[in-house]
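Read off the chains here:
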Amino acid sequence: MTLLSPFIALFQAVFLVLWLVFWITASGLAALLSLNGELPLMMARRFWAPMHWRITGSPLTVEPLPDVDWSQPHIFLMNHQSNFDIPVAFAVIPVNIRFIAKHVLKWIPFLGWYMAGTGMIFINRSNSREAMRGLKRAGERIRAGSNILAFPEGTRSKDGRILPFKKGSFALAVEAGVPIIPIAIEGTRGMLPPGSARLRRHPIRVKLGSPIATAGLRGRAREALMHQVRDAITQLHRDIGGAGGVPENELSSGSDSDSDTGSSETPA
């Protein structure tokens, strides 16, 4: 660390906040003028998101995409290492995505307005009844053609290993009857380590897996689906140099609460 490091960190943080405000404003105006609600999401993918790793000089490597019919809706489930997972996901997934987020985020100026205006799914995880209503709304939106991103761990991993999964994302997938695409990400934790405010240059790698069908699944099949997807993401994570998942014998039985939706922790 040099004497300039605190100033560089401050510059990066201020710049990214201003970058967010600029693109939210620009995309909102574009949506109003074009009457196209998908345009702000496309602008986020192409313009807003890439700056988050370019500002540090971090290289991003995306493994070849699987054979997927991108014209159909999917649920994308991804391991969670850092706040920067969201902009990376925006950029590497070749379709517009919406994500499940904590309901408190909608009250944040600019960010909350953007999220509400683009149809993000807000979930109140402290109220199981409200959480299930949110999942039903998400299912309706998916059946109408939207793609949803969720983090089934429900929180960021502190050591980089994939944590136990929550059941909410899988209940949503089964209700909507659309395929799940597993995604593994490695490196964003190194770019923004836990407890640190200073961005670092660190390679980022992402790999998308083949779709996993959910149509017609009932009852106990939902839990089997959860294990199947976790195994897939764990293997993808190892494929790109990650540590894989927490071993089964370390998994907490308390992590399977049906009311937990696997929503994102914070905005990027």
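What this report covers is the structure whose coordinates are included nearby. (Residues numbered from 1 in each chain as written. Predicted model: local features only at pLDDT ≥ 70, side-chain atom pairs only at ≥ 80, totals over all residues. Heavy atoms only, no water.)

What to know about the overall build of the chain
Consideration 1: Within the chain one finds 9 helices and 7 strands.
Consideration 2: Taken over the C-alpha trace, the chain has a radius of gyration of 18 Å; the compact-globule value for 268 residues is 18 Å, and the two agree within 12%.
Consideration 3: Counting only C-alpha atoms, the chain reaches 55 × 45 × 40 Å along its principal axes.
Consideration 4: Across the 268 residues in the chain, those meeting the buried criterion constitute 50%.
Consideration 5: In the structure as shown, the chain presents an accessible area of about 12400 Å², 58% of it carried by carbon and sulfur atoms.
Consideration 6: Taken as two groups, the 29 positive and 20 negative side-chain charges of the chain have centres that lie 6 Å from each other. (Helix = DSSP H or I, 4+ residues; strand = E, 2+ residues; numbered from the N terminus. Rg over C-alpha atoms; globule rule 2.2 N^0.38 Å. Buried < 20%, exposed > 50% of the residue type's maximum accessible area, 1.4 Å probe, protein only. Areas by Shrake-Rupley, 256 points an atom, 1.4 Å probe, with all protein chains shown as cover. Lys, Arg positive; Asp, Glu negative; His and termini not counted. Charge placed at Lys NZ, Arg CZ, Asp CG, Glu CD.)

Considerations on the pairing of strand β6 (residues 180-186)
In regular strands, side chains alternate between the two faces of the sheet.
Consideration 1: Across the 7 residues that make up β6, a large majority, 6, are buried.
Consideration 2: Two strands pair when backbone bridges link them, and strand β2 (residues 75-78) and β6 are joined in this way by 4 bridges, in the parallel orientation. Across the sheet, the residue bridging to Phe76 is Ile181, located in β6.
Consideration 3: Of the strand pairs in this sheet, β6 and strand β7 (residues 204-208) are connected by 4 bridges, and their pairing is antiparallel. What sits directly across from Ala184, in β7, is Lys207. (Pairing = 2+ DSSP bridges.)

Some thoughts on the packing of aromatic side chains
The description of an aromatic ring pair uses the distance of the two centres, along with the angle that the planes make with each other.
Consideration 1: Within the structure shown, the criterion is met by 10 aromatic pairs.
Consideration 2: Their ring planes at 80 degrees and their centres at 6.3 Å tell us that Phe90 and Phe99 sit as a pair that is edge-to-face. Like Phe90, the residue Phe99 is buried in the burial classification. (Phe/Tyr/Trp six-rings, centres within 6.5 Å; stacked < 30°, edge-to-face > 60°.)

Here we look at unusual backbone geometry
Consideration 1: Phi at Leu35 takes a positive value of approximately 55 degrees, unusual for a residue other than glycine.
Consideration 2: Residue placement: Leu35 occurs in the loop between α1 (5-34) and α2 (39-48).
Consideration 3: Backbone geometry places Phe110, a non-glycine residue, at a positive phi of 70 degrees.
Consideration 4: Turning to its location among the elements, Phe110 is positioned in the loop between β3 (98-102) and α5 (111-117).
Consideration 5: Owing to a relative accessible area of 31%, Phe110 belongs among the partly exposed residues under this scheme.

Description of helix α7 (residues 168-176)
Consideration 1: Across the 9 residues of α7, 8 count as buried, placing the element largely inside the fold.
Consideration 2: Burial in α7 covers these residues: Gly168, Ser169, Phe170, Ala171, Leu172, Ala173, Val174 and Ala176.
Consideration 3: Residues of α7 that are buried sit in contact with β2, β3, α6 (128-143), β5 (148-150), β6 and α9 (221-239).
Consideration 4: Gly177 sits one or two residues past α7 and shows a positive phi near 70 degrees. (Contact = heavy atoms within 4.5 Å.)

Here we look at the sheet that holds β7
Consideration 1: Strands sit in the order β1-β7-β6-β2-β5-β3-β4 across an open sheet of 7 strands; the sheet is mixed. Looking at the sheet topology across the chains shown, the edges are occupied by β1 (60-62) and β4 (121-123). Strand-to-strand twist in this sheet, taken as the mean axis angle between neighbours without regard to direction, amounts to 25 degrees.
Consideration 2: Note: β2 against β5, 3 bridges, orientation parallel. Counted as the bridge partner of Leu77 is Ala150 from β5.
Consideration 3: In the packing of helix α4 (residues 85-92) onto the sheet, the strands contacted are β1, β2, β3, β5, β6 and β7, and the crossing angle to β1 comes to about 50 degrees. (Axes fitted to C-alpha atoms, helices over the stretch in contact; angles between N-to-C directions.)

A short note on the pairing of β3
Consideration 1: Burial within β3 is extensive, with 4 of its 5 residues counted as buried.
Consideration 2: Summarising the sheet, β3 and β5 pair through 2 bridges and their orientation is parallel. Bridging across to β5, Arg98 finds its partner in Ile148.
Consideration 3: Direction of pairing for β3 relative to β4: parallel, over a ladder of 3 bridges. Its bridge partner lying in β4, Lys102 is registered against Ile123.
Consideration 4: The parallel pair β3 and β4 is bridged by α5, and the resulting crossover is right-handed. (Right-handed = clockwise from strand over helix to strand, strands pointing away.)

Considerations on the pattern of salt bridges
Consideration 1: Under the counting rule described, the total for this entry stands at 5 salt bridges.
Consideration 2: Of the charged contacts, one joins Glu175 and Arg143 as a salt bridge, the two residues approaching to 4.0 Å between their closest N and O atoms. Pair noted here: Glu175 is in helix α7 and Arg143 is in helix α6, with a separation of 32 residues, a long-range link.
Consideration 3: Looking at Glu175, the relative accessible area reads 33%, which means it is partly exposed. (Salt bridge = Lys/Arg side-chain N within 4 Å of Asp/Glu carboxyl O.)

Some details on a nonpolar patch on the surface
Consideration 1: Side chains of Leu4, Phe7 and Ile8 sit close together on the surface and give an oily, nonpolar patch of about 340 Å² of accessible area.
Consideration 2: Topologically, Leu4 is positioned in the segment before α1. (Patch = residues over 30% accessible without salt bridge, like charges linked within 9 Å, V, L, I, M, F, W, Y side chains within 5 Å.)

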